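Spelled out from the first residue to the last, the chains are:
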Amino acid sequence: MSSKDGNNGSGNRSSELKFDTRLLHFGSEVDAATGASSVPLYQASTFHHEDIFNPPQHDYTRSGNPTRQALEDYIALLEGGTNGYAFPSGMAAISAAFMLFSAGDHLIVTEDVYGGTYRLLTGILNRFGLEASFVDMTKIEEVKAALRPNTKGIYIETPSNPTLKITDIAALAAWSKEQGLISMVDNTFMTPYYQRPIELGIDIVLHSATKFLGGHSDVLAGLAVSANESLGRQLKYLQNGLGSVLGVQDSWLLMRGMKTLSARMAHSEISARRLAEWLDSRSDITAVYYPGLKDHPGREIQEQQSAGYGAVVSFDVGSGDRAKQVLNAVKLPIVAVSLGAVESILSYPAMMSHASMPAEVRLERGITDGLLRFSVGLEDVEDLIADLEQALAQA
Ligand SMILES: *Cc1c(COP(=O)(O)O)cnc(C)c1O
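Residues numbered from 1 in each chain as written. Predicted model: local features only at pLDDT ≥ 70, side-chain atom pairs only at ≥ 80, totals over all residues. Heavy atoms only, no water.

Engineer: Explain the overall build of the protein to me, please; I cannot follow it from the model alone.
Structural biologist: The helix and strand tally for the protein stands at 14 helices and 12 strands. The burial tally for the protein puts 56% of its 395 residues in the buried class. When the accessible surface of the protein is summed, it comes to about 16100 Å², and 52% of that surface belongs to carbon and sulfur atoms. The distance from the centre of the 32 positive side-chain charges to the centre of the 46 negative ones in the protein is 2 Å. (Helix = DSSP H or I, 4+ residues; strand = E, 2+ residues; numbered from the N terminus. Buried < 20%, exposed > 50% of the residue type's maximum accessible area, 1.4 Å probe, protein only. Areas by Shrake-Rupley, 256 points an atom, 1.4 Å probe, with all protein chains shown as cover. Lys, Arg positive; Asp, Glu negative; His and termini not counted. Charge placed at Lys NZ, Arg CZ, Asp CG, Glu CD.)

Engineer: Help me understand the site of the ligand, please; the structure alone is not making it clear to me.
Structural biologist: Not every one of the 14 residues close to the ligand is listed here, only the nearest: Gly-90, Asp-186, Ser-208, Thr-210 and Lys-211. Thr-210 is positioned with one of its side-chain polar atoms (N or O) 2.7 Å from an oxygen atom of the ligand. Burial of the ligand by the protein chains amounts to 93% of its free accessible area of 380 Å². For the shell around the ligand, the leading source of residues is helix H3 (residues 90-98), giving 3 residues. In terms of residue class, the shell around the ligand is built from 6 nonpolar, 5 polar and 3 charged. (Near = heavy atom within 4 Å. Polar contact = N/O pair within 3.5 Å; in protein donor to acceptor, adjacent residues only side chain to side chain. Nonpolar A, V, L, I, M, F, W, Y, C, P; charged D, E, K, R; others polar.)

Engineer: Looking at this structure, I do not really get the nonpolar core. What am I missing?
Structural biologist: Grouped burial of nonpolar side chains is what soluble globular proteins tend to show. Ranked by size, the top nonpolar core spans 34 residues in total, and within it Leu-71, Leu-213, Leu-223, Leu-254, Met-258 and Leu-261 carry the most contacts. Those elements that provide at least two residues to this core are helix H1 (19-24), helix H2 (66-79), helix H7 (191-194), strand E7 (222-226), helix H9 (248-258) and helix H10 (261-280). Looking at this core element by element, the count peaks at 7 residues for H2. Both domains that furnish three or more residues to this core are identified here as domain 1 (13-258) and domain 2 (261-394). Residues within four places of Leu-254 in sequence aside, it is in contact with Leu-71, Ala-209, Leu-213, Gly-214, Ala-221, Leu-223 and Leu-246. (Core = buried A, V, L, I, M, F, W, Y, C linked by side-chain atoms within 4.5 Å. Domains from an automatic or database assignment. Contact = heavy atoms within 4.5 Å.)

Engineer: Looking at this structure, I do not really get the domain arrangement of the protein. What am I missing?
Structural biologist: The extent of an interface is frequently quoted as the accessible surface area lost upon association of the parts. By the assigned domains, the protein splits into domain 1 (13-258) and domain 2 (261-394). Placing a centre on the C-alpha atoms of domain 1 and another on those of domain 2 gives a separation of 26 Å. At the interface, 32 residues of domain 1 touch 38 residues of domain 2. Carbon and sulfur atoms make up 61% of the surface buried where domain 1 meets domain 2, a total of about 3100 Å² over both sides. Contact with domain 2 buries surface across domain 1, with Pro-162, Tyr-194 and Phe-212 losing the most and accounting together for 25% of the total. Where the side of domain 1 that touches domain 2 is concerned, the elements lending two or more residues are H1, helix H6 (169-178), H7 and H9. Tallied by class, the residues present in the side of domain 1 that touches domain 2 amount to 16 nonpolar, 11 polar and 5 charged. (Buried area = accessible area lost by both parts, 1.4 Å probe.)

Engineer: Honestly, the packing of aromatic side chains in this entry has me stumped. Any pointers?
Structural biologist: Within the structure shown, the criterion is met by 6 aromatic pairs. Clustering of aromatic rings is evident, with ring pairs tying together Phe-19, Tyr-193 and Tyr-194. (Phe/Tyr/Trp six-rings, centres within 6.5 Å; stacked < 30°, edge-to-face > 60°.)

Engineer: It is not clear to me how the packing of H10 against helix H14 (residues 381-394) should be interpreted in this structure. Could you clarify?
Structural biologist: How two helices sit against one another is set out by the angle between their axes and by the gap between those axes. Relative orientation of the contacting elements H10 and H14 amounts to 30 degrees, with a least axis distance of 10 Å. Here H10 lies roughly parallel to H14, going by the angle between them. Judged by the sense of rotation from one axis to the other, the crossing of H10 with H14 is right-handed. Residue-level contacts link Ser-271, Arg-274, Leu-275, Trp-278 and Leu-279 of H10 to Val-381, Glu-382, Ile-385, Leu-388, Glu-389 and Leu-392 of H14. Its residues assigned to classes, the contact of H10 with H14 comprises 7 nonpolar, 1 polar and 3 charged. (Axes fitted to C-alpha atoms, helices over the stretch in contact; angles between N-to-C directions. Parallel < 35°, antiparallel > 145°, perpendicular 65-115°, else oblique. Left-handed = near helix turned anticlockwise from the far one by under 90°.)

Engineer: Where do I start with the pairing of strand E4 (residues 151-157) in this structure?
Structural biologist: The two faces of a sheet get side chains in turn, since along a regular strand they alternate between them. When you tally the buried positions in E4, you get 6 out of 7 residues, the bulk of the element. Note that strand E2 (residues 106-110) and E4 share 4 bridges and pair parallel. The partner of Val-109 across the bridge, within E4, is Tyr-155. Note: E4 against strand E5 (residues 182-186), 5 bridges, orientation parallel. Of the residues in E5, the one forming a bridge with Ile-156 is Val-185. (Pairing = 2+ DSSP bridges.)

Below you can see the structure in the form of structure tokens.
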């Protein structure tokens, strides 16, 4: 099978295989020309026209490149969509999706959406007349109440960041269809290993592939997948028109990372559950946010729409001073923004991802000065717990 089959994730043999098998047998795992065991790097910007009347499949790398195409087919297959597109960052993919809309259109957006998405909507696209309302999507009535005559789309992030609130994807996808809206889900935290929004009725799935899909903190990338060919063509038009394409080397590196997605997610999630339970049992931790905990308000919906709870655990150590002391005292996780890597990453939302949010808005959303976010990697979880224990003891 070669990528000549077109940018179509479904309809080939691979789509009948189980997810773990599809990760390794996605159609371009073997180079059709040479049998090489990985997709070749087509490090070329342009393609020779052997016969001017019969142009090659790819003519210019902004419009299409065989290495990038293999990645695009790969993510479409994993998400169960028709078309996939690769962008130079998650924000580039999200930007392209928002360009489907026009001046005067209105979007309904998850209240605690990723900071960069919030900035894009409130600091950039608002200047072009795209309106957005931010609502608590755990309350469907609030979403419905936000509908306006000019509402054209709904943008969901679940679990949300960093307090891991869960939105009912299928319920909102169905309502969105009734209203004729384009529905989008940022699936970065769950990945298609756990959650496939297109199967729940969503139109477009977006990813910061910088996180779990890449998985090694070494590549910045974004992906978009459409549920149908018509939206796929529109996304392709935008990707090419905006010139927002993932480079050839990064496309290759991302595929390299994605092959181990199942193994990484499964391992990290077992550890994340253990870590969340350990944190939950401590009296000096004032709150633990993890959809796998018994008392998490979104647990039931999470279990309906997702095959797991993911590898991100947020918790409150009680105060900003204590949080800073813990950050300085941990030895194993890297203290950094980002998540979803082989190494554990400990983040401080109040001073990192959500620093630009006004303090009162931040506090309203539960992003207190004592809140830490732990993205659990592949270390032995008992070592991670021992490390956190010594850091908490010092603080
Ligand atoms: C990181 C992230 C983004 C932005 O992705 P980049 O690759 O950094 O541009 C979008 N959504 C979520 C949920 C993220 O975690």
